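# Structure at a glance
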Amino acid sequence: MYIAEFGVEEWMNTYETRARHNVAETCVESLTVKELLTLVGNREEHLAALERTHLTYGDIPGSERLRGAISSLYRSRTAEDVLVTGGGIAANFLALWSLTEPGDHVVALLPTYQQLYSLPESFGAQVTRLFARAENSFLPDLDALRKAVSDKTKLIVLNYPNNPTGAKLDEALMKEIVAIADRCGAWILCDEIYRGLEHDAPYGTPSFVDLYDRAISTGSVSKVYSLAGLRTGWLTGPRDFLRTCFQHRDYTTISCGRLDDYLATLALEHRAVILERNLPLVRTNAALLADWVAAEPRVSCLPPKAGTTALLRLDIPVSSEEFCRRLLEEAGALLVPGECFEIPYTARIGFAPKTETLRDGVGALSGFLKRL
């Protein structure tokens, strides 16, 4: 089975450890275990509980407590509507593997995480790619979507809040997309890994699973909750579909880690205190990024409204891939080139590390632009 090289992951695998100023990371500044337990409180109690944990397989679909905490992020879900996975990337894989067959027609809204369109292609689907444009705030073009779908369309797949642009949908636009899918009987899969990190109001928009009975939503504790190292994600959708995903998961994952399960549960049960830590950092850094872009004549950027990433438009005489490679080699700063998202002369920046890391990173970027 052919599958395309995963551009953004290949780039990060190759270059991430070489960076002095890593402004390519997509998570809010990661928590240590000590920091997490301090935030949630009763640290000694939780450490004792971890020490007592038997390192068995545990609850195969994820503990009921964790699935209940996840379900509380949605308007209409219960613990029975959630399947825990090894990170959000595994949730997307299971959903696409369970739903997509050779010959299916899939409409993918880009720019997005490459997994969401390269996997259906590798499974034999015909994938129509629709690009959202900066002039439309990187929101889906509904007229183009209506023209792209047909009675043969099996799935519409999208990622909002969006990676790499930081665009977010409102409920009215989501309902328009649902209506388009419903008219042709298509499923919707939305990677909602940044949901909860809307800059104006966390969880201010619903999930697609709260709006449509053929919707699947995926998420994780990695980005919003600064816990990528737990490798804990999930998918939620119709229960019959979850049972199919569970059957497929038996071939990839017996269960997720019990320690991960416990810590992820604590994080979600105490999500308010983690968001009180993370949202001010994100907002401060987004403002810093906006000020830097305004002062940098060779860079433009649509201000992100959610998440931790933004897409920089670069006025440069070389490809963005060459630009990003030389930026790392000569200035020590790491960005992700726009070629990884099929948008040349751009680069993705992750603006939610420590504020001093972002400040040093864009400073190095400005110096490199002057020398280029």
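Preceding this paragraph is the structure being described.
What comes next is a walk through the structure. None of the values given here were measured: they were computed from a predicted structure. Going along each chain's sequence as written, the residues are numbered from 1 onward. Side-chain atom pairs in this predicted model are given and counted only at pLDDT of 80 or more, local residue features only at pLDDT of at least 70, and totals for whole chains, interfaces and linings cover all residues. Calculated side-chain values reflect all of the structure's heavy atoms, with hydrogen atoms and water omitted.

## Here's the deal with the pairing of strand β4 (residues 126–131)
Strands pair, by our definition, only if DSSP identifies at least two bridges between them. Only DSSP runs of H or I reaching four residues or more are called helices, and only runs of E reaching two or more are called strands; each is numbered from the N terminus. As paired strands, strand β3 (residues 105–110) and β4 are joined by six bridges and run parallel to one another. If you follow V107 over to β4, its bridge partner there is T128. The handedness of a crossover follows from its direction of travel: if, with the strands pointing away from the viewer, the path from the first strand over the helix to the second runs clockwise, the crossover is right-handed. Each parallel crossover has a hand, and for β3 linked through helix α6 (residues 115–122) to β4 it is right-handed.

## Observations concerning the nonpolar core
Put simply, buried Ala, Val, Leu, Ile, Met, Phe, Trp, Tyr and Cys residues joined by side-chain atoms within 4.5 Å make one nonpolar core. Here's how the labels work: a residue is buried when its accessible area is under 20% of the maximum for its type, exposed when over 50%, partly exposed in between, all with a 1.4 Å probe on protein chains only. Residues L158, F208, L312 and F323 are the most contacted members of the largest nonpolar core, which totals 127 residues. Examining the composition of this core, we find that 10 residues originate from one element, helix α11 (residues 271–295), more than from any other. The contact criterion used throughout is that any non-hydrogen atoms of two residues lie within 4.5 Å. Discounting chain neighbours no more than four positions away, the residues touching F323 are L314, I316, V318, L365, F368, L369 and L372.

## What about the pairing of strand β10 (residues 309–314)?
The two faces of a sheet get side chains in turn, since along a regular strand they alternate between them. With five of its six residues buried, β10 lies for the most part within the structure. As paired elements, β10 and strand β13 (residues 346–350) share five bridges and run antiparallel to each other. Each bridged residue has a counterpart across the sheet, and for L311 the counterpart in β13 is R348.

## Points about the packing of helix α2 (residues 33–40) against helix α3 (residues 43–52)
Running from N to C, α2 and α3 point in directions that differ by 125 degrees, and their axes come no closer than 8 Å. When the interaxial angle is binned, α2 and α3 end up oblique. Residue-level inspection shows K34, L37, T38 and V40 of α2 in contact with α3, the latter providing R43, H46 and L47. Fitting a line to C-alpha atoms yields each axis, with helices limited to the stretch in contact; the angle taken between N-to-C directions then spans 0 to 180 degrees. The cut-offs work like this: below 35 degrees is roughly parallel, past 145 is roughly antiparallel, 65 to 115 is roughly perpendicular, and the gaps in between are oblique.

## Observations concerning the packing of aromatic side chains
Stacked, edge-to-face and tilted are the three classes for Phe, Tyr and Trp ring pairs, Trp counted by its six-membered ring, which pair at centre distances within 6.5 Å; planes under 30 degrees apart are stacked, over 60 edge-to-face, the rest tilted. One pass over the full model with this rule turns up six aromatic pairs. When the centroid spacing of 5.0 Å and the interplanar angle of 55 degrees are considered together, the rings of F6 and Y113 count as tilted. Of this pair, F6 sits in the segment before α1 (7–15) while Y113 sits in the loop between β3 and α6; the two residues are 107 residues apart in sequence, bridging distant segments of the chain. Judged on exposure class, the residue F6 and its partner Y113 are both buried. By way of ring pairs, the aromatic residues F93, W97 and F123 are connected into one cluster.

## With respect to α2
For α2, the full list of buried residues reads L36, L37 and V40. Here the buried residues of α2 occupy an arc of 95 degrees about the axis, which is enough to place them on one side. Among the exposed residues of α2, those pointing more than 90 degrees away from its buried face are K34 and T38. Where α2 is buried, its residues touch α3, α10 (258–269) and α11. Of the residues flanking the end of α2, it is G41, one or two places downstream, whose phi is positive at about 90 degrees. This arc is taken over the directions from the axis of the helix to the C-beta atoms.

## Some words on unusual backbone geometry
Between L110 and the following residue, P111, the backbone shows a cis peptide bond with an omega angle of 0 degrees. The phi angle at N42 is positive, at roughly 55 degrees, despite the residue not being glycine. Examined against the element boundaries, N42 turns out to sit in the loop between α2 and α3. Its identity as a non-glycine residue notwithstanding, E342 has a phi of 65 degrees, on the positive side. Take E342: it is sitting in the loop between β12 (336–337) and β13. With a relative accessible area of 35%, E342 lands in the partly exposed category.

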